[in-house]
Amino acid sequence: MRAVQSTREGFVERDEARLHYDVYEHLCPEDAPSIVLLPTWTVVHAEAWKMQIPYLAHHYRVVVYDAARSGQSTGPRRADRHTQSARLADATAVIEATCAEPVLIAGVSMGGTLTYSVMAYRPDLVRGAVIFGANHPFLVDPPGWRDVPPAYHPATNPRPEGWAKVNPEYMSQEWRDFVSFFMAQVASDEHSTKAIDDLTAWAMSQDPEVAIAAITQAEDLDLEDWRRRLSESTIPTLIIHGTDDQICHPDCSRLAAATIPTARLLIDEGVGHVPGSRYPVLNNHRLRDFADEVFDREPRPGSERWRALHPEPTREELDATAWAAPASSPRKALYLSSPIGLGHARRDVAIAEELRSLHPDLVIDWLADDPVTQVLEASGERIHPASRLLASELAVLEAECGEHSLNVLEAVRDMDAVQLHNFHLLDELTASEHYDLVIADEAWELDYHLFENPHLKRSPLAWMTDFVGNYAMPSGGERQVEVVNDMNAQMVEHVADHPGLRDASVFVGSETDVPEDPLGPGLPTMREWTEQHFDFAGYITGFDPRTLGDRERLRAELGFGEREKVCMVCVGGSGVGVDLIRRVVAAASTVRRTLPELRMIVVTGPRIDRSRMPVVEGVEYHAYVDRLYRWLAACDVAIVQGGLTTTMELTASRVPFIYVPLREHFEQNHHVAARLRRYRAGLRMDYDELSPERVADALGALLASEPDYLPVETDGAARAAALIGAVL
């Protein structure tokens, strides 16, 4: 799912092809110049720019298009339709159709080659150019291509190894094997499992014969004439190349920089072929900063041009202006609350209240998305206007879900562009406004990209989470095991490399809530590592059950009848829980035969259309309930998903409940389930078990039992606030 949607799309028709393009122009200033991101090899489509488009589109008008017969573009298969001159004519046609003024063009690999050709043969269209990892017309073979093993022969060498796979006949017959090998070379950097998976998936959706034609018939331009034109170019050019590029030797870019008079060369040590994918923040800033320079626009705060125009004040200047910021002025905190689960919002509001009691001068701005903002608004909290620009993480989760199923690990991986977009938004916010503290409750985009770019830290950081460590689910097979091991290893490396990046690390729970499973081969256990790097606040319910008063009075206040047996059914703030609701409601009639006093109250959450829910006697629906914990404390029994917040609220109120973890959801099936076992709380049932008879039997047994739960901490919010407040 895209982090931002295009303003418009269309087609340019040329030489039997319909070239599909997207234009992004609704987020940038009205007079913003254009950046055209050119297509690379037809083995992938324009989605390869997904990590650049959202950021650039907030500052520039952005155009992307699919090469002929790639992605949404059509075109003939014949080889002469996919040569360099044909690609040049296509690029020219798209630029002329979508842009009124000269543009900045950018390309990666074969897209960089195309950038060179547009610069050389249509300089009138180009204001500036950025090239990542290209070779032609400056070809130097990378080391891997030199001593190539024997070529592919079906009889004598049916399974070639290494670069011998780059053989048209083998590629045609064994496309998947070729793609698996090649994409591992393209994304050769450490911790590039997501890039490899994306590139492989995109390649498997493309036409192999066209991809083969594009590399066997690619360069039909006169190389000497091409290089001569570039040697006379006056177009500002930025060339970026990694020393670990396995596809194009960095000497290609060194030769290009020596040839093009206006070229600026950046060689990145240890970086592979697609730096914009593996290191998107750095390279997005490079693209924007270069565009700002080319178009003579106001530079990005923090960039080299910006620092040149805004030099750091001297100590004397600071002393002279010290009166402008008296010690008594209010301090500001920016609070990030994850949208994945409303429980984060409730506990974060409780922590914020405790923080303000410790620091009465503290002003808190919230950067949050719906439905968290509904909880914040109901609590009277101050939501920063930038929140409306956040891309929705919940929308990605909901797009990934199946029937009571959510592979949350893959869903989070698939929201990489969304989380990058939101990190850029946060980065620009903290660059433009001063905050004395940033508090992040499972804001994974901040955590990941800040560790990758620690120089962007501008304020003390307090980090919170209620789980540490990813699990592979059985359905994910060996690949998911590899991915999980890689993700956990990178987390450990991040903290080891930058141990002071988090000024406070708060685990919401106790040491014994962390499983003792290993993080991966050669890594410590989850509990061991968490004990080394976190302080423990105890669990945070966001309320104290003792303050709810008499239970019968609370039931009366909520409208619960004296003889009613109230069953609450809750599925969190996303739309993933619709299947559980339908299955539980389908059992209501059976339950009422043996329990006629049953009243089932279903809280659908704001993202499920309750008008489309089945109408059943004794069942009522609510889209949202303020202070849901009061309803949970007053009910007789509950059926919920396996989310941590709701199950722990029921545990704290000592209410019997059934919890049904989402299939493929590693946190609910491992971390939450382990914590509930420790508290001796809840009856776990699988979704497939929820026949009307089983639900009726389980509810009857729970109503006849007395919970024997361990007590839940009541001072967690105060303890977390003390740990966070110490940073101030």
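All of the points below concern the structure found in this document. Since this is a predicted model, take the numbers as computed values, not measurements.

Focus on the overall build of the chain
Then, number 1: Check the secondary structure of the chain and you find 29 helices and 20 strands.
Then, number 2: The C-alpha atoms of the chain give a radius of gyration of 29 Å, which matches the 27 Å a tight globule of 728 residues would have.
Then, number 3: Looking at charge distribution, the chain has the averaged site of its 69 positive side-chain charges lying 4 Å from that of its 112 negative ones.

Section: the sheet that holds strand E3 (residues 34-37)
Then, number 1: What the eight strands build is an open sheet, ordered E1-E2-E4-E3-E5-E6-E7-E8; its pairing is mixed. The open sheet has two edge strands, strand E1 (8-14) and strand E8 (263-268), and neither has a second partner. Each strand of the sheet is rotated relative to its neighbour by a mean of 20°, with strand direction disregarded.
Then, number 2: Judged from the seven bridges that link them, E1 and strand E2 (residues 17-24) form a sheet pairing that is antiparallel. Residue Arg14 lies in a different strand from E2, and its bridge partner there is Ala17.

A look at the environment of Asp268
Then, number 1: Tracing the chain through its elements places Asp268 in strand E8.
Then, number 2: In this structure, the C-alpha to C-alpha distance between Asp268 and Asp609, residues 341 residues apart in sequence, is 50 Å.
Then, number 3: Ignoring any residue separated from it by four or fewer positions in sequence, one finds Asp268 in contact with Ile240, His241, Gly242, Thr243 and Arg286.

Looking at the sheet that holds strand E13 (residues 504-507)
Then, number 1: Ordered by their spatial adjacency, six strands build an open sheet running E10-E9-E11-E12-E13-E14, and the pairing between neighbours is parallel. Among the strands making up the open sheet, the edge pair consists of strand E10 (362-367) and strand E14 (535-536).
Then, number 2: Here four bridges tie strand E12 (residues 461-465) to E13, and the two strands are oriented parallel to one another. The residue bridging Met464 from the neighbouring strand is Val506, located in E13.
Then, number 3: The strands touched by helix H14 (residues 343-358) are strand E9 (331-337), E10, strand E11 (437-441) and E12; relative to E10, the strand with the most contacts, the crossing angle is about 165°.
Then, number 4: Along the sheet, helix H29 (residues 716-725) makes contact with E11, E12, E13 and E14, crossing E13 at roughly 170°.

Focus: the packing of helix H5 (residues 175-186) against helix H6 (residues 193-204)
Then, number 1: Where H5 contacts H6, the two axes come as close as 9 Å, and the packing angle between them is 145°. Crossing of H5 against H6: the hand is right-handed. Residue-level contacts link Trp175, Arg176, Val179, Met183, Ala184 and Val186 of H5 to Ile196, Leu199, Thr200, Ala203 and Met204 of H6.
Then, number 2: Residue composition of the contact of H5 with H6, by class: nine nonpolar, one polar and one charged.

Calculation criteria
Residues numbered from 1 in each chain as written. Predicted model: local features only at pLDDT ≥ 70, side-chain atom pairs only at ≥ 80, totals over all residues. Heavy atoms only, no water. Helix = DSSP H or I, 4+ residues; strand = E, 2+ residues; numbered from the N terminus. Rg over C-alpha atoms; globule rule 2.2 N^0.38 Å. Lys, Arg positive; Asp, Glu negative; His and termini not counted. Charge placed at Lys NZ, Arg CZ, Asp CG, Glu CD. Pairing = 2+ DSSP bridges. Axes fitted to C-alpha atoms, helices over the stretch in contact; angles between N-to-C directions. Contact = heavy atoms within 4.5 Å. Left-handed = near helix turned anticlockwise from the far one by under 90°. Nonpolar A, V, L, I, M, F, W, Y, C, P; charged D, E, K, R; others polar.

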